[in-house]
Amino acid sequence: MARYSGLRILGEGFRGNSGWQPAWRKPAPKASYDVVVIGGGGHGLATAFYLAEVHGIRNVAVLERGLIGQGNTGRNTTIVRSNYMLPENNNFYEHSLKLWEGLEQSLGYNVMMSQRGVINLFHNDAQRNAALRRGNSMRLNGIDAEIIDREGVKAMCPIVDLDNGRYPVMGGLLQRRGGTARHDAVAWGFAHAADARGVDIIEHCEVTGMIAEGGAIQGVRTSRGEIRAPKVGLAVAGHTSTLTEMAGFRVPIETHLLQAFVSEGLKPLIDCVVTFGAGHFYVSQSDKGGLVFGGGLDGYPSYGQRGTLPEAEHVYAAGVSMIPALGRLRGLRSWAGVMDMTPDGSFYICKTPVQGLYMTAGWCYGGFKATPGSGWCHAWTIAKDEPHRLNAAHTLDRFREGRMLDERGNGPFFWAQ
Amino acid sequence: MTQPHRLATGGHVDRATRLSFSFDGRRYEGHAGDTLASALLANGVRLVGRSFKYHRPRGIFSAGVEEPNALVELREGARREPNTRATVAELFDGLSATSQNRRGSLAFDWMAVNGLLSPWLGAGFYYKTFMWPAAFWERVYEPMIRKAAGLGRASRLPDPDHYDAAHAHCDVLVVGAGAAGLAAARAAGATGARVILMEQDFMLGGDLLNEPGLEAWRRETVAALAAMPEVTLMPRSTVFGFYDQGVLGAVERLADHLAEPPPHTPRQRYWTIRAKEVVLATGAHERLIAFPGNDRPGVMLAGAARTYARRYGVRAGETAALFATHDGAYDAAFAIAEAGARIAAIIDPRSDSAAMQRAREAGFSVKAGSVVSGTMGGNALRGIAIGAQGSGARGDAVPVDLLMVAGGWNPAVHLASMSGAALAWDEALHTFVPGTPVQRERSAGACRGVNGIGAAAADGAAAGRDAAIAAGFAAGPDNTLPDTLAADHCSYPVWEVKGRGKAFVDLQDDVTTNDIRLAHREGFSHIEHAKRYTTHAMGTDQGKTGGIVGAAVLAEARGEPVAKVGLPRFRPYTAPIAWGAMAGQEVGKHFQPVRRTSLHAVHDAAGAVWMDAGIWKRPAYYPKREDADAWASVLREARAVRQRVGICDVSTLGKIAVEGPDAATFLDRVYANTFSTLPVGRARYGLMLREDGIVFDDGTTSRIGPERFFVTTTTAQAGPVMQHLEFHLASAWPDLDVSLASVTDQWAAVAIAGPKAREVVAGMVEGIDLSNDAFPFMAVADCIAAGVPARLFRISFSGELAYEVAMPAGHAAHVWRAAMQVGATHGIEPYGMEALGLLRIEKGHVAGSELNGQTTAHDLGLGRMLKKKGDFIGRVLAQRPGMTDPSRPRLVGLRSVDPRRQIRAGAHLLVDGRDQGWITSATQSVVDPGWIGLGMLREGEARIGSTILAANPLMGEEVPVRVVSPHGYDPENRLVRA
Amino acid sequence: MLRIPCPHCGARDEIEFTYRGDATVARPGPDAGVDAFHDYLYLRTNPRGWQAEWWQHSSGCRAFLKLLRHTVTHEIRAVATATETLEVPGA
């Protein structure tokens, strides 16, 4: 398949754009593969890409129940960052961020990774202290972080109301290398690049059962027949429990709703990602001009992919409280994704109780930024049958061992993470 | 100022009321009843905007919410609203609007050069380039794309208006007040049901407003509805979403038709509506046809041209053509002809029909079997080409300045779809209609494909009656319905006319038929993928006119029926809604409630500087004139406590009355330490764990009677602890006979601390022997304080001899003043949160920054508190290896080696360059001046006495600190027991 | 938006209530070990379908209730007080 480039666009433009080929093939499933990855979202496609690219494992199928990139990959607020406190997390996310930084070049696909800076506002001493602890942890792990004062916030996002009547802004924790990416392009780019390396991406292929013998995986049953593989990776965030139930075990996951919103298109207004510290709200502006924003969970388990009004009201209210100019703009569309919520807010990339079955799951509502890192670590774990040091702590067993990775200390409550 | 295209008579505008307005700085005049669009057309303004990508000139395309082109920046200054649809913006005197998305003038936008580059700017071109060099994306490519993209400009100023929120309940909600909706509301209202009729337009009637012959019925029906006491008519109200369990959201525009809201009037009101039954009568949007040049100013939906003529008395063109695909469209030709325009041609791909014959009889030139194959003109339409259907030839040119396009009708199925109903393909209408309802809703009229006013009204009346019956009412009397000639609205499916030139399926985002085909060629063949790849139907109009046309073009490329291709999922909102309306009133200083203690006014009078503690306001410190800075105040207050006596408001602590025969058993299970052994009249420090063994909260709990306990919690965890107790009582131990009541608000409390505390308390409390033997450390007793009933605790957070006096909240100010009066001779000073924090850090007491949800009792040096026998929450999981790992960070005290060098909470603790912990709390000390803190440090106990580094790279600080015991002040507790 | 039928107060909006987890797990007895408590606190069936769950009418009567609710349609089929049992279809 020919590579994408400006030159190619130029040539195709003169030929009426008639020479473009599918961005990825639509192959029929083979009877067996070396590795089957379940889930054609960003994480599954990235897993397949890195299996081929890093580990030379190219006889790989990605099985997707519907269309690639239509789950949480296509329903998030597109934020990319590595501003975590616990070293187990920030080192992983930093690895992911570094992959993001070279993703266009390694995929040959423009995912519009835009390092426009991510600011977490804080409004009181306790929040500032927590921001310092987190930012210093980042710095000591070699990750960029800055603490900025009110003037710094004003300089980066002049329309933030520093003196908002209830919780004046004290300052912010800034990660300049954080930013946003074009979510759909991430799925398509990984699909394009994985396909070019021989991976079969099989859409409309629903896994209906696991084939295991003697505690070891042998393959999967699908709506398009049995597919054998000695190794199977799960990358189906939001639906992990459904798949692990087929494999015969339960996981520490509860599925919750998260809404996201987009405004009408506007000329450039917000040049960075800003999160409110006094309520759950974050906003950035897409390259197309829409403000992309969101808040917290709706608060109860759901696979419904549709949100409810009270949380939306809170999100909009927090938005106006942070940026009063937003009141005059209009919300265009809202949607919801279903999240694997974990009891410590951190993810799983690990082996499972079934030999040869691996998973990347439990992404709560931070999965998008993890896409390349998750695929990279998941691929490593599958290829080597052991975790990389970056995901060694992110096991299902950590709760049995009492080694939780609870960034904010919210406790063993799925809905509070 | 002459409105050359305004008819002398007819329609629903008030010609006696002249309204002045401006567009792009030029002044015009319109009438009450106009929209901005109708007034612009009356003045002959055809060019109103520029498209998103190619910056092509665009005119007014529709007469409603579906408008893709005529978006303007409405108003000026802080009230500027970008992307306002001129077609629904009500005209008011002094209205000012500006065209958007242009560089240069509207007539000459130099960004239109993009149109010439369109072969290279097709769908998804940006995914394939701008990758090298990597650093250029943020610096060069993206800023360029961003500036070119977007539509209108936000004001960047705070929105000066305010918004309201309200709730409504009804038996039947009718959405849409066209013929179907009015008939539905009347039929439902006639049963006595409580009915709400919401209509997004400012006039009720929908298509009836275009039918002078039915005006009498419309007026009579509206009047009848207005007279029904249980019927509420709500024009200017957009139902934006249909949510679970019969809940719908709506926004009512109260003042958008005015220059600005009158004083004390909200601009808009956000409604949450709970309806037993819903009738959706949302009508239909007319469909565009994708022929080359279908976007020139002067190309307009046929129904819109008819509406401008009949409702607004405006002739949208002088020489018009109609591109019709069904008989229902022909009335547009008659309407525009009646308005004085010349009909140059009627183009219809069909061979013959009743309407075509009527048109011929009226003298119109009807071109059967023909299609519009192209358009001519620059900033305005000058002519069209008419080719034979299916020939691909461009055909003859006909000069026109208005082309009316009638591609058929798209039922407005948005709300039905959002309610969960699947969509079904209607083969006769070539469109999707609502399938079987999932919720208690039904569609009526054009939104389910029942076209024609008479048929829609009949359908609506039946739906309204059925809905009321389903809501439990008996059918009421029938009403007369309009009797109209039914026209055939079954369109001949012409989705696209192929030819040279761009044919748009999405006018706003400049998505062409070729873009859709390119997406298919590149494998984006599913409608959801094609939508995302091309941005089709992702504009502010969400594809209301062209969405299905794009699906049809995709269907043809795939070689499959449109029904199989389907439409992308409908999601809220049916139309864009104001951010401020969704936000409502809980913004700015009302974002969250303010919680004040009953001593708030006392602190205010004492000049307190306030700080936020959750939603509470608490005094941080009380500055005095002689204090050089905030620290001076804090140190002064802390010194008063250490040397004399201080008083502090501790009312925010959570207080829970735990009572009943099993109260002691219950507390033994929820606390890690034992309470059943606590004697009446004594308090005990308690440690509460979460079930995962992490420390949840701490506080003192007192035994007031054999079956009565008074539990206190930290301020932050008052709510969570209450819920935790209630949950476990309900779920784990329902057999225990215990009652729980939060009494946080009932009891106010003050701490009186310092060497002179006993003297102060003695001077105001009656009924208690305060001698150390009679009322020792941890004693509790009811008493009279300053003449009011109170409860006295001998407990200490500061490490000094201290008491807490709790009293009914209403008496707190009185007790505080009495203490200040008695204490005056002892030098009493009020102290705030900052001094409180300083004192507890000196003493080594943990607080929120140590009890942060990540620490175990062992980590905090409180491991010995965990009882060895008996069940309690957190006992089992606290034993997991990771929880008892000796390498976990432990609580230590820290002291800056150089007393002048500040250490900060949030700094990390480096040992030989390795990150071994962090500082949780820091302050200046009054006992031993210098900077001290508490921290969590690996191998903390073993490192006591060593010097390590407090690193704060964020602020460029590295401060040597000595590790000390956290309990630096009076470790033997002599003072508190004195 | 959920409308939850509180047996004490009547149907109320979801904003008055607080979700408090799967109601099919029960706190193990005092003699149970780490594994039992681990499963109780962390492992979830997380059904795509009917689930019995704890809700507190936190801004109302403060009672803890058990709801039988569908996690896709959000339909609430049954509500019970804390000591009553709810049959979960298919469980």
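Not measured: the values here are computed from a predicted model.

Often, the extent of an interface is quoted as the loss of accessible area on bringing the components together. Residue and element names in this part refer to chain A. When the domains of chain A are assigned, the result is domain 1 (27-78 + 183-252 + 344-396 + 403-416) and domain 2 (118-176 + 254-339). Between the C-alpha centres of domain 1 and domain 2 the distance comes to 29 Å. Facing 14 residues of domain 1, the contacting portion of domain 2 comprises 22 residues. Interface area, domain 1 with domain 2, both sides summed: about 1,500 Å², of which 57% is carbon and sulfur. A per-residue breakdown of the area domain 1 buries against domain 2 is headed by R75, T77 and Y365, which together make up 44% of the total. Taken together, domain 1 and domain 2 are joined by zero salt bridges.

Attention now moves to the interface of chain C and chain A. Each side of the interface is counted separately: chain C has 28 residues, and chain A has 28 residues. Carbon and sulfur atoms make up 55% of the area that chain C and chain A hide from each other, which totals about 2,500 Å². Of all residues in chain C, the largest losses of buried area upon contact with chain A belong to Y19, Y42 and N46 of chain C, amounting jointly to 27% of the total for that side. Connecting chain C to chain A are three salt bridges. Where R400 of chain A meets D35 of chain C, a salt bridge forms, and the shortest distance between an N and an O atom there is 3.0 Å.

Before going further, it helps to spend a moment on the nonpolar core. W100 of chain A together with L36, F323, I384 and L403 of chain B are the most contacted members of the largest nonpolar core, which has 163 residues in total. The leading source of residues in this core is helix α7 (residues 183-196) of chain A, at eight residues. Of all hydrophobic cores here, the second largest spans 52 residues; its members include L162, V274 and F281 of chain A together with M582 of chain B.

As a further point, take the environment of L326 of chain A. When you line up the elements, L326 of chain A lands in the loop between α9 (309-322) and β17 (330-341). When the C-alpha atoms of L326 of chain A and F276 of chain A are compared, they prove to be 14 Å apart, with 50 residues separating the residues in sequence. With residues up to four places along the chain from it excluded, the contact list for L326 of chain A reads F281, L291 and G319 of chain A together with W579 of chain B.

All names here are of chain A. Relative orientation of the contacting elements helix α2 (residues 42-55) and helix α10 (residues 367-384) amounts to 50°, with a least axis distance of 7 Å. In terms of orientation, α2 lies oblique with respect to α10. Handedness of the α2/α10 crossing: right-handed. When its residues are assigned to classes, the contact of α2 with α10 shows eleven nonpolar, nine polar and one charged.

A word on the pairing of strand β36 (residues 708-713) of chain B. All names here are of chain B. Most of β36 sits out of view: five of its six residues are buried. Inspection of the sheet shows strand β33 (residues 654-659) paired to β36 by six bridges, in the antiparallel sense. Among the inter-strand pairings, I656 is bridged to a residue of β36, identified as V711. Counted between consecutive antiparallel strands, the loop separating strand β35 (residues 695-705) from β36 contains two residues.

Below, the discussion takes up unusual backbone geometry. Note: most residues except glycine have negative phi, and most peptide bonds are trans. Residues and elements named next belong to chain B. A cis amide bond links W132 to the next residue, P133, at an omega of -20°. Position of P133 relative to the elements: it lies in the loop between α2 (113-116) and α3 (136-148). Even without being glycine, Q245 reaches a positive phi, approximately 55°. Relative to the assigned elements, Q245 resides in the loop between β11 (237-242) and β12 (247-253). A positive phi angle, near 50°, is found at D970, a position not held by glycine. Considering the arrangement of structural elements, one finds D970 in the segment after β49 (957-964). Of the residues examined, D970 reaches a relative accessible area of 12% and is grouped as buried.

Moving on, we come to the confidence of the model for chain C. Residues and elements named next belong to chain C. Counting all residues, the mean pLDDT for chain C is 95, and 99% of those residues have values of 70 or more. At the low end of the mean pLDDT range in chain C sits strand β2 (residues 10-13), at 94; at the high end sits helix α1 (residues 34-42), at 98. In the predicted complex, the global pTM is 0.97; the interface-specific ipTM is 0.98.

Turning our attention to the interface of chain B and chain A. Across the contact, 113 residues belong to chain B and 119 residues belong to chain A. Summed over both partners, the interface of chain B with chain A comes to about 9,700 Å²; 55% of that surface belongs to carbon and sulfur atoms. Considering only the surface of chain B that becomes buried against chain A, R146, W579 and L954 of chain B emerge as the three largest contributors, covering 11% of it. Linking chain B with chain A are eleven salt bridges, by the criterion used here.

With that settled, the discussion passes to the sheet that holds strand β42 (residues 802-808) of chain B. Residue and element names in this part refer to chain B. An order of β39-β40-β41-β42-β38-β32-β43 is seen for the seven strands of this open sheet, with the pairing classed as mixed. Here the strands that pair on one side only, and so sit at the sheet edges, are β39 (765-766) and β43 (829-830). In terms of strand pairing, strand β38 (residues 747-753) meets β42 through seven bridges, oriented antiparallel. When the bridges of β42 are listed, V750 appears paired with V805.

A few words on the UniProt feature "domain: FAD dependent oxidoreductase" (unreviewed entry) in chain A. As annotated in UniProt, the feature "domain: FAD dependent oxidoreductase" (unreviewed entry) corresponds to residues 34-377 of chain A in the numbering used here. For residues 34-377 of chain A, the end-to-end C-alpha separation is 18 Å, with 30% helix and 30% strand making up the annotated structure.

Let us look at the packing of aromatic side chains. Summed over all chains, the structure comprises 60 aromatic pairs over all chains. Above the face of the Y4 of chain A ring, K128 of chain B is positioned so that its terminal group lies 5.7 Å from the ring centre. Taking the ring centre of W20 of chain A as reference, the NZ or CZ of K128 of chain B above it sits at 3.5 Å.

All names here are of chain B. Counting through the fold element by element, G933 comes out in strand β47 (residues 930-937). For the pair G933 and V961, spaced 28 residues apart in sequence, the C-alpha to C-alpha distance is 9.5 Å. Among all residues touching G933, those that are not within four sequence positions of it are I841, V892, G893, L894, I903, S921 and A922.

This next bit is on the pattern of salt bridges. Residue and element names in this part refer to chain B. Enumeration according to the criterion identifies 100 salt bridges over all chains in this entry. Its salt-bridge partner being R306, residue E211 comes within 2.9 Å of it at the nearest N-O pair. Separated by 95 residues along the polypeptide, E211 in the loop between β9 (195-198) and α5 (215-227) and R306 in helix α6 (residues 302-310) bring together distant segments of the chain. For E211, a relative accessible area of 22% puts it in the partly exposed group.

Turning next to a nonpolar patch on the surface. Residues F108, W110, V113, L116 and L117 of chain B make up a contiguous nonpolar surface patch of about 560 Å² in total accessible area. Given the relative accessible area of 47%, W110 of chain B is considered partly exposed.

Quick notes on the rules
Residues numbered from 1 in each chain as written. Chains lettered and ligands numbered in written order. Predicted model: local features only at pLDDT ≥ 70, side-chain atom pairs only at ≥ 80, totals over all residues. Heavy atoms only, no water. Domains from an automatic or database assignment. Contact = heavy atoms within 4.5 Å. Buried area = accessible area lost by both parts, 1.4 Å probe. Salt bridge = Lys/Arg side-chain N within 4 Å of Asp/Glu carboxyl O. Core = buried A, V, L, I, M, F, W, Y, C linked by side-chain atoms within 4.5 Å. Buried < 20%, exposed > 50% of the residue type's maximum accessible area, 1.4 Å probe, protein only. Helix = DSSP H or I, 4+ residues; strand = E, 2+ residues; numbered from the N terminus. Axes fitted to C-alpha atoms, helices over the stretch in contact; angles between N-to-C directions. Parallel < 35°, antiparallel > 145°, perpendicular 65-115°, else oblique. Left-handed = near helix turned anticlockwise from the far one by under 90°. Nonpolar A, V, L, I, M, F, W, Y, C, P; charged D, E, K, R; others polar. Pairing = 2+ DSSP bridges. pLDDT = per-residue confidence, 0-100. UniProt positions renumbered as here; feature names shortened; annotations may be inferred. Phe/Tyr/Trp six-rings, centres within 6.5 Å; stacked < 30°, edge-to-face > 60°. Lys NZ or Arg CZ within 6 Å of the ring centre and 35° of its normal. Patch = residues over 30% accessible without salt bridge, like charges linked within 9 Å, V, L, I, M, F, W, Y side chains within 5 Å. Areas by Shrake-Rupley, 256 points an atom, 1.4 Å probe, with all protein chains shown as cover.

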